Amino acid sequence: LRLAEGAEQSVPFAVAMVCASSAGCGSAGARTRMRPARMGRSVGAAGAGRGRNARPITPTPFATPARPAGRSLLPQRPLGAGLARRGNRDVTTLSSGGSASAPARLIQHKEEAWWFYRYLSQVYDHIVNPGHWTEDMRKDALEPARLGEKHVKRVIDVGGGTGFSTLGVVAAGVEPESITLVDQSPHQLAKAKKKAGLKGCDIQVGDAEKLNFPTNAFDRYVSCGSIEYWPDPQRAIAEAFRVVKPGSLACIVGPVHPTHWFSRAMADAWMLFPTEDEYIKWFEAAGFICVKMHRIGPKWYRGCRKHGLIMGCSVTGIKPLSAEGPSPLADQLGEMAEESSNTEKKKEANPFKTFWRVVLGSLAGFYYFVLPVYMWIKNLIFPSKVSFV
């Protein structure tokens, strides 16, 4: 990928304001360094976006940052090196580095995730959201996506499930008729279709790793709480790059990997909990620039992140003006490791193995339904001056 050192053509305000808000985003290859921060603080290059109250700076003419000499945006190792054998399927596990001791992540498969949500969809909005994905968190997480800007005409919400995150997009100022909601679970989408606030949305079954939309189709890409089920997160983020317009922004909200030994074991047995570092690498490898991370979490966690969070960060990146086509990784990704459960092409799965993976993975995931209760009780007992970190 070669990025232009300057944009000679005139650029609409729609593009200028996006990059201008990423003060000090530096070069296209510049890494966003992680520093200790409480939830609700943004982690950005050169101290950009300080805190949840950060506001956009005055837009300036967009100039695509130049790539430093000798620095490549592409991964430093072959993509195929991250394939780890899981059952009868090969699944890209970039986060594991392709080691022999790759985490089980029993629900990080399309077939297993389909069955997992077949039943969880019945209580998702009543059990999952109150403990992990509140309205305050949703507003905080979507703020970096800048959905309320006037030029935002088309938004895609990938993995939107029951439509809770999509309602956040509507609350940010986007008309329902301008939103496309995609999810691989028809059971989750059935819940979304019943919500009055989403009347007019284009709701359809789809696969995050293979979106059925043309290149440069959307002004914003949003995905909340879906990356943890993607067998190949790098492929899905490359798809995000493809479907957004040049100069437009993608926002992914997802979990963060725990450091506490028991929580880490439960997370790795359940699904994908990426590290903050991995989010940045995936975005940059896909071709995004001005990549920024904003930390979020339930207010009763009071800064505690050692147990990980199902919804712990909001990551944004901008598609360069010079990139009018697909991601630079498009020709390197090869064939999809798994087909969606809704396609005729999907590989035949072993029903017995799928059953036990769903059961065991759900048991591991149950820990993360108990954890918020534990944190909520601690918040009631200990005074506000006590930190849980």
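See above for the structure.
The notes below deal with the structure included here.

1. A few points about the nonpolar core
So, step 1. Within the largest apolar cluster, 83 residues are counted, with the highest numbers of intra-cluster contacts made by W133, Y221, I237, W270 and F288.
So, step 2. Sorting elements by how many residues they give to this core places strand β8 (residues 244–256) first, with 7 residues.
So, step 3. Non-local contacts of I237, meaning those with residues more than four positions away in its chain, are made with I227, W230, I252, W282, F283, A286 and F288.

2. Overview of the environment of E177
So, step 1. Assignment of secondary structure puts E177 in the loop between α5 (164–171) and β5 (179–183).
So, step 2. Accessibility expressed as a relative area gives 55% for E177, which makes it exposed.
So, step 3. Taking C-alpha positions, E177 is 7.9 Å from K199, a pair spaced 22 residues apart along the chain.
So, step 4. Dropping the residues within four chain positions of it, E177 is found in contact with K199 and G200.

3. Notes on the pattern of salt bridges
So, step 1. Here the structure, examined in full by the defined rule, presents 10 salt bridges.
So, step 2. A salt bridge links R146 to E149, with the nearest nitrogen and oxygen atoms 3.4 Å apart.
So, step 3. The buried category is assigned to R146, whose relative accessible area is 13%.
So, step 4. With relative accessibility at 24%, the residue E149 sits in the partly exposed group.
So, step 5. With its nearest N and O atoms 2.7 Å apart, the salt bridge here joins E276 to R295. Linking E276 in helix α9 (residues 276–286) with R295 in strand β9 (residues 289–295), this pair joins segments that are 19 residues apart in sequence. Taken as a pair, E276 and R295 share a single burial class, namely buried.
So, step 6. What emerges from the salt-bridge pattern is a single network uniting K110, D207 and E209.

Criteria and thresholds
- Residues numbered from 1 in each chain as written.
- Predicted model: local features only at pLDDT ≥ 70, side-chain atom pairs only at ≥ 80, totals over all residues.
- Heavy atoms only, no water.
- Core = buried A, V, L, I, M, F, W, Y, C linked by side-chain atoms within 4.5 Å.
- Buried < 20%, exposed > 50% of the residue type's maximum accessible area, 1.4 Å probe, protein only.
- Helix = DSSP H or I, 4+ residues; strand = E, 2+ residues; numbered from the N terminus.
- Contact = heavy atoms within 4.5 Å.
- Salt bridge = Lys/Arg side-chain N within 4 Å of Asp/Glu carboxyl O.

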